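Residues per chain are reported as follows:
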Amino acid sequence: PTVAAITGPSDVCKNSTITLASTTTGGVWSSSNTNIATVSAGVVTGVNTGTATISYTVTNSGCSTTQTKAISVNGNPSASIAKTDVTCYGLTNGSATVTVSGGTAPYTYVWGGSTSTTNIASNLAGGKVKCTITDAKGCKFPNIESTVISTGYVNQFVSDGGNYAFNFTDPI
């Protein structure tokens, strides 16, 4: 039988899926290495980094024809986050810096919904800061987060004339 070529992307991220197709119906999908990529009904799942060949075989009257497509499974970036706390309650001088390894540069960063090409978020108030990193192949490290602490001092005068200083931490 004549089998149409396999269409769809040639790359998938580890732990993600892509969909392949052939316009020829009635075939069976298989993978040359299920430790790298699995396939079911044309949906390919990246298991580990590397390359696997995805096959689509149609059998008719005892004869089989196979189309193949090489699929690269790309590693996801990994990341760590370091933060600088706000120096005094109410200020917005905190920051967070993400360090990325793995994946494929360049990276984009989404800091709390705002896309950036920089790995540093600055002018932060106290509170949680989240970042999602996406590499050049679309592989992601989702939602790395830290809490920027806002600290400060309050002077409280009491009726007996004493002057007391209170130190507080406010993780908003």
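Predicted model, so just to flag it, every value in this text is computed and none were measured.

Scoring rules and cut-offs
Residues numbered from 1 in each chain as written. Predicted model: local features only at pLDDT ≥ 70, side-chain atom pairs only at ≥ 80, totals over all residues. Heavy atoms only, no water. Pairing = 2+ DSSP bridges. Helix = DSSP H or I, 4+ residues; strand = E, 2+ residues; numbered from the N terminus. Axes fitted to C-alpha atoms, helices over the stretch in contact; angles between N-to-C directions. Contact = heavy atoms within 4.5 Å. Disulfide = S-S within 2.5 Å.

A. Spatial organisation of the sheet that holds strand β8 (residues 78-84). Spatial ordering of the open sheet is given by β8-β9-β12, a layout of 3 strands whose pairing is antiparallel. With one partner strand each, in any of the chains shown, β8 and β12 (120-124) form the two edges of the open sheet. Strand-to-strand twist in this sheet, taken as the mean axis angle between neighbours without regard to direction, amounts to 15 degrees. Taken together, the 7 bridges between β8 and strand β9 (residues 94-101) define a ladder with antiparallel strand orientation. Of the residues in β9, the one forming a bridge with S78 is S101.

B. Seen up close, the environment of C131. Tracing the backbone through its elements, the reader meets C131 in strand β13 (residues 127-134). Separated by 19 residues in sequence, C131 and G112 place their C-alpha atoms 6.4 Å apart. C131 has contacts with V98, Y109, V110, W111, F141, P142, N143 and I144, leaving out every residue within four places of it along the chain.

C. Up close: the state of the cysteines. Applying the stated rule across the entire model yields 1 disulfide. Between the sulfur atoms of C13 and its disulfide partner C139 the distance amounts to 2.1 Å. Judged by the sign of its S-S torsion, about -95 degrees, the bond between C13 and C139 is left-handed. Residue C13 is located in strand β1 (residues 11-13), and its partner C139 is located in the loop between β13 and β14 (140-148); the two are separated by 126 residues in the primary sequence.

This is a description of form; function is not addressed.
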